[in-house]
Amino acid sequence: MRGVTVYLPIAELSVNILIILGMGAAVGFLSGMFGVGGGFLITPLLIFYNIPPVVAVATGANQVVASSISGAITHFRRGTIDIKLGTVLLCGGLAGASAGIWIFALLRRIGQLDLVISLAYVILLGTVGGLMLAESLRALRRAARNEPMPLRRPGHHNWVHRLPLKMRFKKSKIYLSVLPVIALGFCIGVLTSVMGVGGGFIMVPAMIYLLRIPTNVVVGTSLFQIIFVSAYTVIIQATANYTVDIVLAFFLMIAGVVGAQYGVRVGQKLRGEQLRALLALLVLAVGIRLAVELVIPPAEIYSIVSGAASY
Amino acid sequence: MRHALLLLAALLPPLLLASAAAQAQALPPVVPITGGVPSGGAGPMISADDTPPPEPTENLDIGISTEEIAITSDFRGADLTIFGAIDGFNPRLLAQGKYDIVVALEGPKENATVRRKERVFGIWINRHSITFESVPQSYSLSSTRPVEVIAPADQINNIGIGVDHMRLEPVGFLGDGSNVGAFRDAFRRLKEASGIYQRDPGGVQFISASLFRATVRLPANVPNGVHIVRAYLFRDGTFVSARALQLRVVKTGLEQAITQAAHQQPFFYGIFAVLLAVVTGWIASVVFRRD
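Going along each chain's sequence as written, the residues are numbered from 1 onward. Chains carry letters from A onward and ligands carry numbers from 1 onward, assigned in written order. Side-chain atom pairs in this predicted model are given and counted only at pLDDT of 80 or more, local residue features only at pLDDT of at least 70, and totals for whole chains, interfaces and linings cover all residues.

Caption draft 1: Structural context of the overall build of chain B. Note on conventions: DSSP H or I runs of at least 4 residues are helices, E runs of at least 2 residues are strands, and numbering of each starts at the N terminus. A count of helical and extended segments in chain B gives 7 helices and 12 strands. Each residue gets a C-beta atom placed from its backbone, and two residues are in contact if those atoms lie within 7 Å. In chain B, 73% of the contacts between residues at least 6 apart in sequence involve partners at least 24 apart.

Caption draft 2: Main features of the packing of helix α1 (residues 17-34) of chain A against helix α2 (residues 39-48) of chain A. Residue and element names in this part refer to chain A. Axis lines are fitted to C-alpha atoms, over the contacting stretch for helices. Their N-to-C directions set the angle, which ranges from 0 to 180 degrees. Axis separation between α1 and α2 bottoms out at 9 Å; the angle between their running directions is 155°. It follows from the interaxial angle that α1 and α2 lie roughly antiparallel. Crossing hand, α1 versus α2: right-handed. Counting all contacts with α1, which are made through Met-23, Val-27 and Leu-30, the residues of α2 involved are Leu-41, Ile-42 and Leu-45. Should an angle fall under 35 degrees it is taken as roughly parallel, and over 145 as roughly antiparallel, whereas 65 to 115 is taken as roughly perpendicular and any remaining angle as oblique. The sense of a crossing depends on the near helix, which, turned anticlockwise from the far helix by less than a right angle, makes the crossing left-handed and, turned clockwise, makes it right-handed.

Caption draft 3: The interface of chain A and chain B, seen in detail. Contact with chain A, which involves 46 residues of that partner, is made by 48 residues of chain B. Among the secondary structure elements, those contributing two or more residues to the side of chain A that touches chain B are β1 (5-8), β2 (13-16), α3 (53-78), α8 (215-241), α9 (246-269), α10 (272-295) and β5 (302-306) of chain A. Element by element, the count of residues in the side of chain A that touches chain B is highest for α3 of chain A, at 9 residues. Three categories are distinguished: nonpolar for Ala, Val, Leu, Ile, Met, Phe, Trp, Tyr, Cys and Pro, charged for Asp, Glu, Lys and Arg, and polar for the others, with Gly belonging to the last. In terms of residue class, the side of chain A that touches chain B is made up of 31 nonpolar, 13 polar and 2 charged.

Caption draft 4: A look at the sheet that holds β5 of chain A. In this analysis, strands are considered paired if DSSP registers two or more bridges between them. The 3 strands are arranged β5(A)-β5(B)-β6(B) in an open sheet whose pairing can be described as antiparallel. Every interior strand has two partners, whereas the edge strands, β5 of chain A together with β6 (123-136) of chain B, have only one. On average, each strand axis in the sheet is tilted by 25° relative to the strand beside it, whichever way the strands run. Inspection of the sheet shows strand β5 (residues 109-120) of chain B paired to β6 of chain B by 11 bridges, in the antiparallel sense. From the neighbouring strand, Arg-116 of chain B faces β6 of chain B, where its bridge partner is His-128 of chain B.

Caption draft 5: Seen up close, the environment of Ser-241 of chain B. Residues and elements named next belong to chain B. Note on placement: Ser-241 falls in strand β12 (residues 238-251). Classification of Ser-241 by C-beta neighbours within 10 Å gives buried; the count is 21. In the structure, Ser-241 is positioned 182 residues away from Asn-59 in sequence and 6.1 Å away in space, judged by C-alpha atoms. Among residues more than four places away in sequence, those in contact with Ser-241 are Glu-58, Asn-59, Leu-60 and Leu-233. Think of it as a crowd count around each C-beta: if 20 or more other C-beta atoms lie within 10 Å the residue is buried, if 12 or fewer it is exposed, and in between it is partly exposed, with C-beta placed from the backbone throughout.

Caption draft 6: Here's a closer look at the domain arrangement of chain B. For the purposes of this description, domain bounds are those given by an automatic or database domain assignment. Once the domains are mapped, chain B shows domain 1 (2-33 + 53-251) and domain 2 (252-291). Of all elements in the fold, only β2 (68-71) and β12 of chain B reach the threshold of two or more residues within the side of domain 1 of chain B that touches domain 2 of chain B.

Caption draft 7: A look at the environment of Ile-123 of chain B. Tracing the backbone through its elements, the reader meets Ile-123 of chain B in strand β6. Looking at Ile-123 of chain B, the number of C-beta atoms within 10 Å reads 17, which means it is partly exposed. Beyond its immediate stretch of four places on either side in the chain, Ile-123 of chain B contacts Leu-294 and Val-295 of chain A.

Caption draft 8: Region of interest: the pairing of strand β4 (residues 174-177) of chain A. Residue and element names in this part refer to chain A. Where strand β3 (residues 166-169) and β4 come together, 4 bridges link them in antiparallel fashion. If you follow Arg-168 over to β4, its bridge partner there is Tyr-175. Counted between consecutive antiparallel strands, the loop separating β3 from β4 contains 4 residues, among which Lys-173 sits at a positive phi close to 55°.

Caption draft 9: Here's a closer look at the confidence of the model for chain B. Residue and element names in this part refer to chain B. Looking at chain B as a whole, its pLDDT mean stands at 78, while 78% of the residues score no less than 70. A residue's pLDDT is the confidence the predictor assigns to it, expressed on a 0 to 100 scale. In the model of chain B, helix α1 (residues 2-26) stands out as the element of lowest mean pLDDT, 44, in contrast to strand β7 (residues 139-143), which has the highest, 92. Low pLDDT, under 50, characterises residues 4-49; the stretch is placed with 52 contacts to residues that sit more than four places away or in other chains. Reported confidences for the modelled complex are a pTM of 0.70 and an ipTM of 0.82.

Structural data, given as structure tokens:
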């Protein structure tokens, strides 16, 4: 294991290439299996492996571009992307990503970036993981008793559908206000630039449960928006903070896209609710790991930051 | 082997003298030090009253095995060898082993902020911080004996040799100066724990009467930039003279090209990173196409 080191020019440290490839492959496998981008896994993993958080976040976003592209191409061939809806989401997303970069720089200046990244992960992963686990366990119990799944009624309206500025999205067969769509895109954009996640694991449930968008176009459309917001984030991070490590990103991508193909195959053998329960457990595990880190007394309460610009 | 050493011993002093002199001009003056006994104190040279101390005529000449260390993709640290000679030494003192050499490799200087976590509402967050002004990012020390043994603490502190004695001056106003010491200790401890600060109290060896060889270690995460090799000569616990040379640590080849691109053409670098991701994702979807 010792012999295969590679020097990361932006992170400015030598890493074991096998560990990096292993991380990329494992995250790729899980992202292929569950149909998520994997940004929420790769960024914490890189931070656990001593990659500076600033580099991990920016490089994670780059890896998300690669893994989302292959997914989106498949959806594009099948015609399951609502380009119009995706574009509206994207408008919010780009604004959110810009705001996120600003927040990122501010937190870095006052020395609380690590804390906010960790807290945001704990809250998000805890909430999403908990909700998903509860939902999938209900579904599993139902399946065990051979009860029929309750039909979701797309026509059923909630408060979201009473908002003004409505627009017709033909592909999704839905007539919806652009306000909640832009707001959702904005929030995901902020998360992308602050946390290095694509945000698919939040966007997909929000689109299904909150906006009542038909399930068949949700994943493709969210991937469509994630590609552009992540790409935008990568370019902005590279320009403003010089924190995209292309060598690190490249190894993660290569291993990630290959791992994803095997993940997809395993994923197809499992039932939907089983997959969701497993994903929920994984999300919760990452969240708990980060929460424990915040709560237990650290082995070292001091830390050193060099220079004014580097973190 | 012995012949080679003898040849080296004969050739090195004049050679080093020339290169050291050329380099010394380009460098800022070595730490301002008033050589000799600290004024008024009961120094180590108590006999100074009856017999006047010999004039400090000794000089130090040093040379390094390379002026440039290249960081390649498989860089895992390097050893730097520094050769040196004591010029104009007192043979009697030399025979008694009264001369000590300390060689330090200082990395590029930068402000460093030390932060301390405290528990707030059950979670640990960064609360207090102190920024130390222009401290070396890396530091390797090599000496004939531990520096604490070579000279009295006030001299060592004055010159700032060694991890425990280098200057750590806080920047700006401090409301409560009482915890600066804790932050200084933490800084030193963390830097040594990460291997970026290190010391080798046996790293300088005399290879002939007045010729010595020092080895300092550059860790794998050595910072890029201009490092300074400083050599200090002590006679019987008293600082006599110092020399300094530059050492450049540079990224090479692809690593350098990438760093340069990232900092000089950041926008196009970002575009390229995205394109790389797009191509990788696209190739994967073509290669693994299953419909």
